[in-house]
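# Survey of secondary and tertiary structure
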Amino acid sequence: MRLKETNKAGLSLWQVVIIGIAYMTPMTVFDTFGIVSNITEGRVPLAYLLALAAVLLTAISYGRMVRLHPSSGSAYTYTKKVCGDKSGFIVGWSSLLDYVFLPMINSLLAGIYLQTLLPEVPVWLSILVFTALVTFVNCCNIKTLANANFIFVGIPVILMGVFIYFVIHNILRDYGDSHLYTTQPLFNGHTSIIPLISGAAVLCFSFLGFDAVTTLTDETKSPVSTIPKAVFYTALSGGCIFFVAAWFIQLYFPDNSHFKNPMEALPEIVLNVGGKLFQTLFLIAILLNTFASALASHASAARLLHIMGKNNQLTHRFFGYLHPENNNPVYCILLIGLVSLTSIFIQLDTAVSLISFGALVAFSAVNLSVIIHFAFKEKDNRGIRQIFCNILLPLAGLGCVALMWVNLSFDAFILGATWATLGLGWIVYCNVTKKEIAISE
């Protein structure tokens, strides 16, 4: 049984884009600022530009594969169709790192915010209540989720505008015009490129919303035309929001010397810029934004599990089940909720690194799938336009991703490779089990 290819849910282009932007959590720029500022030597905005360039090139490849294979499953489906079941499974399994861990990160962030707002409430209890609420909403109809995200994304973006106003006001008051009209946030006195690429590699996880919208293909109106546009608009919109916010934060905080805890800098950033009242309002707004991201990421993760699990006879009964009324993979939704609760025991920087590994696997696989299908299988490379679209563009995307691979942290690579090895082990187990079943029959 599969997600129905009808317009019963009928998500529009902008509903899909909103879900994608919610998945990105635009306010995550505040959460990761201290981490990335340390890596890039105070050049977070430029790192976002590098990441955006790589993502937009890859988004074009996603759009081409959506038109070719208009069904849910994202990089897993495209790799499976082009390179075979086993390759598709490994890519999908590796991508699960970002799909499954992002809901966990949202629960972790919610615990951080609620600890600041309600210090008397234990962090584990805040995470438990937050995760339970997200899981419940995801068990409802997909349109309920989409409409809720309009509210939960809109309010935090308005607060981000207020934050920028405070930054401009404070700079004009304390330093004058000369400090405002400057390119200092881009370069900050440093010229080394390797730290920038390392920072961009970490920031890849921030753009996962454009990848996640492809998991909603079966629940979208006219997916062949809608999803490719949604992929590109989501990446571009999210990138612009990230860049503008990072510019003003970096302008006000050139380095991490102002922060007691750079790994969790958001409360300190908004407190220094706007005071205690603004910090409270901002944390409430970003909690809403985190809730929106948790809803969207939870939905996408559950659907990828469903799509992968239903294709295997050993897991079909559990992962392939759909709720008869809401037409959603309710068992997968509940499983993602349980995984999210592990945020009680993990650190933010570790989780972010793991997600970046899964994102880079997915981005690499989709760019390669375009080249393999169009340039080698279809041999559609006889003209300048075909060579540009089928070889040069995906190669450029692949090259950008390769630079990020080289600069991915060693711990993230080892943990990600271990996860991928477990996936290979599962393939071997399934093959052995199938042979034993065939022999017994």
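Predicted model only: the values in this text are computed from it and were never measured.

Bringing the packing of aromatic side chains into the picture now. Within the structure shown, the criterion is met by 24 aromatic pairs. The interplanar angle of 20° and the centroid separation of 5.2 Å between the aromatic rings of Tyr-48 and Phe-242 together place this pair among those described as stacked. Separated by 194 residues along the polypeptide, Tyr-48 in helix H3 (residues 44-68) and Phe-242 in helix H12 (residues 223-252) bring together distant segments of the chain. Considered together, Tyr-48 and Phe-242 belong to a single accessibility category, that of buried residues. Seen in terms of ring centroids, Phe-357 and Phe-413 are 6.3 Å apart; in terms of plane orientation they differ by 75°. Their pairing is edge-to-face. Of this pair, Phe-357 sits in helix H16 (residues 348-377) while Phe-413 is found in helix H18 (residues 410-440), placing the two residues 56 residues apart along the sequence. Phe-413 gets classed as partly exposed once you look at its relative accessible area, which sits at 41%. In textbook terms, an aromatic cluster arises when at least three aromatic residues are bridged by ring pairs, as seen for Phe-30, Phe-163, Tyr-165, Phe-166, Phe-278 and Phe-282. A cation sits over an aromatic face here: Arg-64 above Phe-374, 4.0 Å from the ring centre.

What follows deals with the pattern of salt bridges. Summed over the entire model, instances satisfying the criterion amount to two salt bridges. Across the pair Arg-43 and Glu-41 runs a salt bridge, and its minimum N-O distance is 3.2 Å. The partly exposed category is assigned to Glu-41, whose relative accessible area is 31%. With a shortest N-O distance of 2.9 Å, Arg-173 and Asp-174 are connected by a salt bridge. Looking at Arg-173, the relative accessible area reads 53%, which means it is exposed. Classification of Asp-174 as partly exposed rests on a relative accessible area of 44%.

All right, on to the environment of Ala-265 then. Along the polypeptide, Ala-265 turns up in the loop between H12 and helix H13 (266-310). Remark: the alpha-carbon pair of Ala-265 and Asp-31, spanning 234 residues in sequence, is separated by 6.2 Å. Apart from the residues lying within four places of it in its own chain, the contact partners of Ala-265 are Gly-34 and Phe-259.

Per-residue pLDDT for the chain averages 82, and the proportion of residues at 70 or more is 89%. Per-element confidence in the chain ranges from a low mean pLDDT of 74 for H18 to a high of 91 for H12. When the criterion is pLDDT under 50, residues 1-8 qualifies, and its contacts beyond four places in sequence or with other chains add up to 27 contacts.

Assignment of secondary structure puts Thr-226 in helix H12. For Thr-226, a relative accessible area of 10% translates into the label buried. Ignoring anything within four residues of it in the chain, the contact list for Thr-226 reads Ser-12, Leu-13, Thr-220 and Lys-221.

Conventions used here
Just so you know, the residues in each chain are numbered from 1, in the order the chain's sequence is written. With the structure being a predicted model, the display of local features is reserved for residues of pLDDT at least 70 and the display and counting of side-chain atom pairs for 80 or more, all residues being used for whole-chain, interface and lining totals. The side-chain numbers reported here are obtained from all heavy atoms of the structure, hydrogens and water having been left aside. Side-chain rings of Phe, Tyr and Trp (the six-membered ring for Trp) are treated as a pair once their centres are within 6.5 Å; stacked means planes under 30 degrees apart, edge-to-face means over 60, and tilted covers the remaining angles. In DSSP terms, a helix is any run of H or I states spanning at least four residues, a strand is any run of E spanning at least two, and both are numbered starting from the N terminus. A 1.4 Å probe rolled over the protein chains alone gives each residue an accessible area, and that area as a share of the maximum for its type sets the label: buried under 20%, exposed over 50%, partly exposed in between. Think of it as a cone above the ring: NZ of Lys or CZ of Arg counts as a charge over the ring if it is within 6 Å of the ring centre and within 35 degrees of the ring normal. For this document, the term salt bridge refers to a Lys or Arg side-chain nitrogen within 4 Å of an Asp or Glu carboxyl oxygen. Throughout, a residue-residue contact means that at least one pair of heavy atoms, one from each residue, lies within 4.5 Å. The quantity called pLDDT is the predictor's confidence in a given residue, expressed from 0 to 100.

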